[in-house]
Amino acid sequence: MKKHLVAPSVLAANFANLEADFAMVNNSEADWYHVDIMDGRFVPNISFGMDIVKTMKGLAEKPLDVHLMILEPEKYIERFRDAGAEVITVHYEACPHLHRTLQQIKATGAKAGVALNPHTDVSLLEGIIEDIDLVCLMSVNPGFGGQKFIYHTIPKIKKLKEIITIHNAPTLIEIDGGVGLQNAEKILQAGADVLVAGSSVFKAKNPTEAIAQLKGIGGQIFHV
Ligand code: DX5
Ligand code: ZN
């Protein structure tokens, strides 16, 4: 039996002093680092590439959960794996050959994730759910940190949980965008396993405590 996971999103970290922010997360109750890669094409923003991920890997004592908000992610999967990604998540909307792309990720030894934009229905994953290690439901439109949680995500979590249960799949449900103490309990009760939190952690007065609070929420227990 295992509790939900908390993955601080480093997009909201201080890039002038990554060492300090990584030391904070290393010494906190957080489980993963969530690492957002944006290409300025799939999303209207550019973040950073694999060299920075490699630098982060050198500082991180916890797994890197790499979220690729990029077109043609299949071109870069091996390089992000080499840079240190443990989980590699591609967008459903950017993958015309999703099954092949998931096999490509798994062949590198990484866990394979699929992210869905707010408008994309979870039922589209029904035929492939057993091949997915993690589904990342976007609870904001991807591209920026600090946005407001879209409440329609809650019924999506419940529906996805049903699909996972029916298929007896090991898939984790991750929620990304606008997550904080104000909504985390509802999100967990709906069936989420992983909370991504950027602003609510790094902009908090006490980020270590913010992580501990997110981790401490009752939520659901899931079996692994
Ligand atoms: C949004 C990113 C998120 C973002 C979350 O495009 O995928 O991971 O960093 O940031 P907050 O928690 O501030 O909404
Ligand atoms: Zn993300």
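The structure we're discussing is the one just above.
These numbers were taken from a predicted model, which means no experiment stands behind them. (Residues numbered from 1 in each chain as written. Chains lettered and ligands numbered in written order. Predicted model: local features only at pLDDT ≥ 70, side-chain atom pairs only at ≥ 80, totals over all residues. Heavy atoms only, no water.)

Trainee: It is not clear to me how the coordination of the zinc ion (ligand 2) should be interpreted in this structure. Could you clarify?
Mentor: Ideal values differ by geometry: the angle at a metal is 109.5 degrees with four tetrahedral donors, but 90 or 180 degrees with six octahedral donors. Listed as protein donors to the zinc ion (ligand 2) are His34 (NE2), Asp36 (OD), His67 (ND1) and Asp176 (OD); their distances from the metal cover 2.1 to 2.3 Å. Coordination geometry of the zinc ion (ligand 2): the six donor atoms subtend angles of 70 to 171 degrees at the metal centre, consistent with an arrangement described as octahedral. Each donor residue of the zinc ion (ligand 2) belongs to the same chain, and together they define the spacing H-x1-D-x30-H-x108-D. Taken together, the residues span a long stretch of sequence, with His34 in strand β2 (residues 33-38) and His67 in strand β3 (residues 64-69) at a distance of 33 residues. His67 gets classed as buried once you look at its relative accessible area, which sits at 1%. (Donors = N, O, S within 2.8 Å, 3.2 Å for Na, K, Ca; no water. Tetrahedral: all angles 85-135°; square planar, octahedral: opposite > 155°, others 65-115°. Helix = DSSP H or I, 4+ residues; strand = E, 2+ residues; numbered from the N terminus. Buried < 20%, exposed > 50% of the residue type's maximum accessible area, 1.4 Å probe, protein only.)

Trainee: Just checking my understanding: could you explain the sheet that holds strand β7 (residues 172-176) for this structure?
Mentor: Paired through their backbone hydrogen bonds, the strands of a sheet run either parallel or antiparallel. Taken in spatial order, the eight strands of this open sheet run β1-β8-β7-β6-β5-β4-β3-β2, and their pairing is parallel. The open sheet has two free edges, formed respectively by β1 (5-8) and β2, since each of these has just one partner strand. Adjacent strand axes in the sheet meet at a mean angle of 25 degrees, parallel and antiparallel pairs treated alike. Bridging between strand β4 (residues 85-91) and strand β5 (residues 111-116) involves five bridges; their strand directions are parallel. Looking across to β5, one finds that Val87 is bridged to Lys111. Contacts from helix α4 (residues 98-107) reach β4 and β5 within the one sheet, and its direction differs from that of β5 by about 145 degrees. Where helix α8 (residues 207-216) meets the sheet, it contacts β1 and β8 (194-197), and its direction lies at approximately 150 degrees from that of β1. (Pairing = 2+ DSSP bridges. Axes fitted to C-alpha atoms, helices over the stretch in contact; angles between N-to-C directions. Contact = heavy atoms within 4.5 Å.)

Trainee: Could you clarify how one ought to interpret the site of ligand 1 in this entry?
Mentor: Taken together, 20 residues lie near ligand 1, and Asp36, Gly143, Asp176, Gly198 and Ser199 sit nearest. In the environment of ligand 1, an oxygen atom lies 2.8 Å from a nitrogen or oxygen atom belonging to the backbone of Gly198. One of the side-chain N or O atoms of Ser199 is found 2.4 Å from an oxygen atom in ligand 1. Look at ligand 1: alone it shows 380 Å² of surface, and the protein chains cover 98% of it. (Near = heavy atom within 4 Å. Polar contact = N/O pair within 3.5 Å; in protein donor to acceptor, adjacent residues only side chain to side chain. Areas by Shrake-Rupley, 256 points an atom, 1.4 Å probe, with all protein chains shown as cover.)

Honestly, it's all geometry; don't read function into it.
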